[in-house]
Amino acid sequence: MKASRLQTVLIPLLLSAIGAVLFWAFWSGVTGHEGERLAALALARVPESGASNPVTSVLLNFRAYDTLMELAVLLAALLGIWSLGPAAAPYQPAALLLNSLVSWVVPMLIIAGGYLLWIGGQAPGGAFQAGALLGAAGVTLALSGRPNAGLPDESWLRVLAALGTLVFVLIGLTLMFLGLGFLTYPPALAKALILTIETGATLSIGATLAAAFLGGQPRATRTAEP
Amino acid sequence: MSHEILITQLLYGGAGLLFFLLGVWSFISHEPLWRKLIALNIMGAGVFHVLVAVAYRGLDAPPDPVPHALVLTGIVVAVSATALALAFGRRLDREDSERTPEVQGVDDREDGTHV
Amino acid sequence: MNPLLLGFDILLSTTLLGLALAALTSREPRRGVILFIAFGLLLALVWARLRAPDLALAEAAIGAGLAGALMLSAARRAARRRQ
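Residues numbered from 1 in each chain as written. Chains lettered and ligands numbered in written order. Predicted model: local features only at pLDDT ≥ 70, side-chain atom pairs only at ≥ 80, totals over all residues. Heavy atoms only, no water.

Caption draft 1: Looking closely at helix H8 (residues 190-214) of chain A. Residues and elements named next belong to chain A. Relative to the 36 Å expected for 25 residues at 1.5 Å per residue, H8 spans 36 Å between its end C-alpha atoms, a close match to the ideal helical length. Of all 25 residues in H8, 19 are buried; the element is thus mostly enclosed. Downstream of H8 by a residue or two, Gly215 has a phi angle that is positive, lying close to 80°. (Helix = DSSP H or I, 4+ residues; strand = E, 2+ residues; numbered from the N terminus. Expected span 1.5 Å × (residues − 1). Buried < 20%, exposed > 50% of the residue type's maximum accessible area, 1.4 Å probe, protein only.)

Listed below in structure tokens is the structure:
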């Protein structure tokens, strides 16, 4: 009782102290002196990066290390989920109406994903948004009663989940052996390399997100859909 | 930097800081896993919101793409952390129901409208 | 300073704040998660206003959609356990 009363006083007090410090830091960051910002540097180099969408060029060229590590984090999270036990029991198979709706929505999601992946070089879009749509297609299939969310069986699923990281690392290492440095694209090839990496990343992200929704190691194929 | 942009940045950045603080408050004062997950996600949303506000350069200038790329990776990492936390929660529920058989209805087999 | 735009900004921010508070203080799992999804969708709208359409797309699909679907299944388990 005493502890909980202490909590009701102490927590807001400490939080407002943290809030004051954070706001001060934010204020001085926003109103601070106008030095050379990364934004100007990044925007000036966008035309030679192989993608005219600035976010894509930062994501896959200037800060490609970040994106590589992020794909590795995604893979690690999926391994964690798989090691915690089997997937939850599948949902009830959907009735006629939902089934026919799903058979419309899922191809649409896949097409929209492909479009976002392709357009990501010039306009808003890219591997993450496209992967999210593929993941959403998997979640839709899982919710309508497919026990494996439309994913392939486990051996292929492993390949699919690792594909993004694998393609990324392989391209990086190849460039390194050619004497260019890890993930330093030659300008002539930049667009093709970025698109290759993005395609692998999209498939990986989609498969990982759908598998993460299932919430555990895939069940053996004998319990797969009839 | 003009006055107008600064006001927008402060307004949205301040809102982001408030989301973060509210999330921290909820995270430490509420017990159930789903409440902690909502709190954690709102904390993350607050951080992203601050970054997006900092990147804003007015309606007719291109925003700073570097924070945008950071936020994009952050969103995906946040959702994978949520999925991992849920898998942990389900495993804990299963362990609990194995140790105390009188607790019913938390068995994992019952997850999903199983027929 | 465009007063209409400022009014829109303030309206968006207060709505977001209200949704975040409602999601965080809700005691009923399903209600809390649905409020969180609404928060995520409105956040995507705000990011589109702040000239971050890439992030708006990602947030609407991942932050609101996939995280929402994940947490709805957790909320259902929590609700079942409370019964």
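Having seen it, we continue.
Caption draft 2: Main features of unusual backbone geometry. Its identity as a non-glycine residue notwithstanding, Ala149 of chain A has a phi of 55°, on the positive side. Tracing the backbone through its elements, the reader meets Ala149 of chain A in the loop between helix H6 (127-143) and helix H7 (154-177). The phi torsion at Arg51 of chain C lies on the positive side, around 65°, for a residue other than glycine. Among the structural elements, Arg51 of chain C can be located in the loop between helix H2 (29-49) and helix H3 (53-82). We classify Arg51 of chain C as partly exposed; its relative accessible area is 31%.

Caption draft 3: Main features of the environment of Val33 of chain C. Tracing the chain through its elements places Val33 of chain C in helix H2. A C-alpha to C-alpha distance of 9.0 Å links Val33 of chain C and Ala69 of chain C, two positions 36 residues apart in sequence. With residues near it in sequence (within four places) discarded, Val33 of chain C still touches Ile38 of chain B together with Gly68, Met71, Leu72 and Ala75 of chain C. (Contact = heavy atoms within 4.5 Å.)

Caption draft 4: Representation of the interface of chain C and chain A in the model. With 11 residues of chain C at the interface, the matching set in chain A holds 16 residues. Buried surface at the junction of chain C and chain A, both sides included, amounts to about 1,000 Å², of which 76% is carbon and sulfur. Area buried by chain C at its contact with chain A is led by Asp54, Leu57 and Leu66 of chain C, which between them contribute 50% of it. At the boundary of chain C and chain A, one finds 0 salt bridges. Linking chain C to chain A there are 3 residue pairs in polar contact (both at pLDDT 80 or more). Here the residues of the side of chain C that touches chain A sort into 8 nonpolar, 1 polar and 2 charged. (Buried area = accessible area lost by both parts, 1.4 Å probe. Salt bridge = Lys/Arg side-chain N within 4 Å of Asp/Glu carboxyl O. Polar contact = N/O pair within 3.5 Å; in protein donor to acceptor, adjacent residues only side chain to side chain. Nonpolar A, V, L, I, M, F, W, Y, C, P; charged D, E, K, R; others polar.)

Function cannot be read off these values alone, since they describe shape.
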